[in-house]
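Here is how the chains run, residue by residue.
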Amino acid sequence: MTLRNILIHPDPRLKKVCAPVESVSPEIGALAEDMLQTMYDAPGVGLAAPQVGVMQRLFVMDCVKSDDEAAKPMVLINPEVTWTSEEKSTHEEGCLSIPDQFAEVTRPKLVRMRWLGLDGKTHEEEFDELWATCAQHEFDHLNGKLFIDYLGVMKRQMITRKMEKLKRERARD
Ligand code: NI
């Protein structure tokens, strides 16, 4: 298991549409394991493959909030959105590729996704609450879309400038 380096916005790889995973190989299994550990280490509740520079359609998430509850690591390969609710909800979002920046984003309250699991089988589930926000946020990453793309241009530019500054500082250290 290796912790992967998380790309920081702006990065051209975070703006690209990812390619489908061709087969659930041992390499994909190892990648998913690395991504989960990288996500827990960050810490975060979701991480998409392009965020670690792998341009393939998979993401991991675990939105269990309480320490009393068992962890629920999920790996979604080639996910598809099969249904979204008419009803919307607004939640504050952040992103491991945009550290320490948060903003409210409105999305469908419920989302249904179908994906391939590490077991090679098709799964389908309806997500609500934080799980719905996270699944949609991570799904967007696979299409080169970030949560700041939902914000006004001024707010987005302000955050992008902060991230450019952060990257310059990190490059110096
Ligand atoms: Ni993100």
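Here the structure is a predicted model, which is why all the values come from computation and not from measurement.

Sorry, what's going on with helix H3 (residues 153–172) here?
Residue pairs three or four apart in sequence face the same way in an α-helix, which turns once every 3.6 residues. The terminal C-alpha atoms of H3 lie 29 Å apart, and with 20 residues this matches the ideal 28 Å at 1.5 Å per residue to within 8%. Of all the residues in H3, the buried ones are Ile-159, Thr-160 and Met-163. Seen along its axis, H3 keeps its buried residues to an arc of 100 degrees; they face one direction. Facing away from the buried surface of H3 by more than 90 degrees, the exposed residues are Met-154, Arg-161, Arg-168 and Arg-172. Against strand S5 (98–108) lie the buried residues of H3.

Can you help me understand the pattern of salt bridges in this one?
When charged atoms on two side chains of opposite charge get close, those side chains can pair. For the structure shown, the criterion picks out 11 salt bridges. Notably, a salt bridge pairs Arg-4 with Asp-34, separated by 2.9 Å at the nearest N-O pair. One end of the pair, Arg-4, is in the segment before helix H1 (26–41); the other, Asp-34, is in helix H1, with 30 residues separating them in the sequence. Here Asp-34 falls in the buried class, since its relative accessible area comes to 7%. In this structure, Glu-124 and Arg-112 form a salt bridge, with 3.4 Å as the shortest nitrogen-oxygen distance. Of this pair, Glu-124 sits in strand S7 (residues 122–127) while Arg-112 sits in strand S6 (residues 111–116), placing them 12 residues apart in sequence. Residue classification places Glu-124 among the partly exposed residues on the basis of a relative accessible area of 36%. A relative accessible area of 28% places Arg-112 in the partly exposed class. Taken together, the salt bridges that share partners define one network made up of Arg-112, Arg-114, Glu-124 and Glu-126.

Just to check I follow, could you spell out the packing of aromatic side chains for this structure?
Aromatic rings in a pair are described by how distant their centres are and how their planes are angled relative to each other. Inspection of the entire model under this criterion finds 2 aromatic pairs. Ring geometry for Trp-115 against Phe-127: centres 5.9 Å apart, planes inclined by 25 degrees, an arrangement best described as stacked. Of the two residues, Trp-115 sits in strand S6 while Phe-127 sits in strand S7, which places them 12 residues apart along the sequence. With relative accessibility at 2%, the residue Phe-127 sits in the buried group. Where Phe-127 meets Trp-131, the ring centres are 6.5 Å apart and the plane angle is 15 degrees; that geometry is what we call stacked.

Definitions and cut-offs
Residues take numbers from 1 onward in each chain, read along the sequence in its written order. For this predicted model, a pLDDT threshold of at least 70 governs which residues receive local features, and a threshold of 80 or more governs which side-chain atom pairs are given and counted, while totals over whole chains, interfaces and linings are taken from all residues. The basis for every side-chain value is the complete set of heavy atoms in the structure, and neither hydrogens nor water enter the calculation. Elements are defined by DSSP. Helices are runs of H or I of four residues or more, strands are runs of E of two residues or more, and each kind is numbered from the N terminus. Helix span is expected to be 1.5 Å times the residue number reduced by one. The buried label applies to any residue whose accessible area, calculated with a 1.4 Å probe on protein chains only, is under 20% of its type's maximum; exposed applies above 50%, and partly exposed to all values in between. Arc, as used here, means the arc of the directions from the helix axis to the C-beta atoms. Residue contacts are defined here by distance: any two heavy atoms, one from each residue, within 4.5 Å place the two residues in contact. Any Lys or Arg side-chain nitrogen located within 4 Å of an Asp or Glu carboxyl oxygen qualifies as a salt bridge. Aromatic contacts are taken between Phe, Tyr and Trp rings whose centres are within 6.5 Å, Trp giving its six-membered ring; a plane angle under 30 degrees counts as stacked, one over 60 as edge-to-face, and the others as tilted.

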